[in-house]
Amino acid sequence: TARALPISEGGLGVTEALDVKIGEKFKTILKSANLPASVHATCEVVYVADEGYAGMKFVTIQAEAVAGIIEYVKKFN
């Protein structure tokens, strides 16, 4: 479990991502009251910082989920 900050149609950053390594893949479920539905995806770690922050790209994600993320980003940016 981690907190996703920031998020885009290409991927997300997560805090509290201890002990993850570049190249690892995870099945994820993103939940937010501001998203139209939970987003199910597979992410790959592409960046890790010492402070527990990791950047991940979406490897597999449904088109409907991407559309929901784009609407979320437009609404809050």
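Residues numbered from 1 in each chain as written. Predicted model: local features only at pLDDT ≥ 70, side-chain atom pairs only at ≥ 80, totals over all residues. Heavy atoms only, no water.

Some remarks on the overall build of the chain
Next up, step 1: Counting its secondary structure elements, the chain contains one helix and five strands.
Next up, step 2: Along the chain, helices and strands appear, N-terminal first, in the series β-β-β-β-β-α.
Next up, step 3: Taken against the 2.2 N^0.38 rule, which gives 11 Å for 77 residues, the C-alpha radius of gyration of the chain at 12 Å falls within 12% of a compact globule.
Next up, step 4: Expressed as lengths along the three principal axes of its C-alpha atoms, the size of the chain is roughly 30 × 25 × 20 Å.
Next up, step 5: Each of the 77 residues in the chain was classed as buried or not, and the buried ones make up 32%.
Next up, step 6: A separation threshold of at least 6 residues defines the contact pool for the chain, and within that pool the share at least 24 residues apart is 44%. (Helix = DSSP H or I, 4+ residues; strand = E, 2+ residues; numbered from the N terminus. Rg over C-alpha atoms; globule rule 2.2 N^0.38 Å. Buried < 20%, exposed > 50% of the residue type's maximum accessible area, 1.4 Å probe, protein only. Contact = heavy atoms within 4.5 Å.)

Digging into the side chain of E44
Next up, step 1: Residue placement: E44 occurs in strand 4 (residues 39-48).
Next up, step 2: Buried within the structure, E44 lacks any salt-bridge partner; its nearest side chain of opposite charge belongs to K57, at an N-O separation of 4.1 Å.
Next up, step 3: Beyond its immediate chain neighbours, meaning those up to four positions away, E44 contacts G23, E24, K25, G55, M56, K57 and V59. (Lys, Arg positive; Asp, Glu negative; His and termini not counted. Salt bridge = Lys/Arg side-chain N within 4 Å of Asp/Glu carboxyl O.)

A word on the sheet that holds strand 5 (residues 54-61)
Next up, step 1: If you walk across this open sheet you meet the five strands as 1-2-5-4-3, and the pairing is antiparallel. The sheet is open, and its two edges are formed by strand 1 (3-8) and strand 3 (25-30), each paired on a single side. Neighbour to neighbour, the strand axes of the sheet diverge by 40° on average, direction disregarded.
Next up, step 2: Sheet topology places strand 1 next to strand 2 (residues 11-15); four bridges connect them, and they run antiparallel. Bridging across to strand 2, R3 finds its partner in T15. (Pairing = 2+ DSSP bridges. Axes fitted to C-alpha atoms, helices over the stretch in contact; angles between N-to-C directions.)

Quick word on the side chain of T42
Next up, step 1: Relative to the elements of secondary structure, T42 occurs in strand 4.
Next up, step 2: In contact with T42, other than residues within four places in its own chain, are K25, F26, K27, K57, F58, V59 and T60.

Thoughts on the nonpolar core
Next up, step 1: Among the nonpolar cores identified, the biggest contains 16 residues, and L12, L30 and F58 are the most heavily contacted of them.
Next up, step 2: Secondary structure elements with two or more residues in this core: strand 2, strand 4, strand 5 and helix 1 (63-76).
Next up, step 3: In terms of residues, this core owes the most to one element, strand 4, which gives four residues.
Next up, step 4: For L30, the residues in contact, after removing those within four places along its chain, are A4, I7, L12, L35, S38, V39 and F58. (Core = buried A, V, L, I, M, F, W, Y, C linked by side-chain atoms within 4.5 Å.)

Examining the confidence of the model for the chain
Next up, step 1: This prediction gives the chain a mean pLDDT of 88; 99% of its residues lie at or above 70.
Next up, step 2: In the model of the chain, strand 1 stands out as the element of lowest mean pLDDT, 82, in contrast to strand 5, which has the highest, 95. (pLDDT = per-residue confidence, 0-100.)

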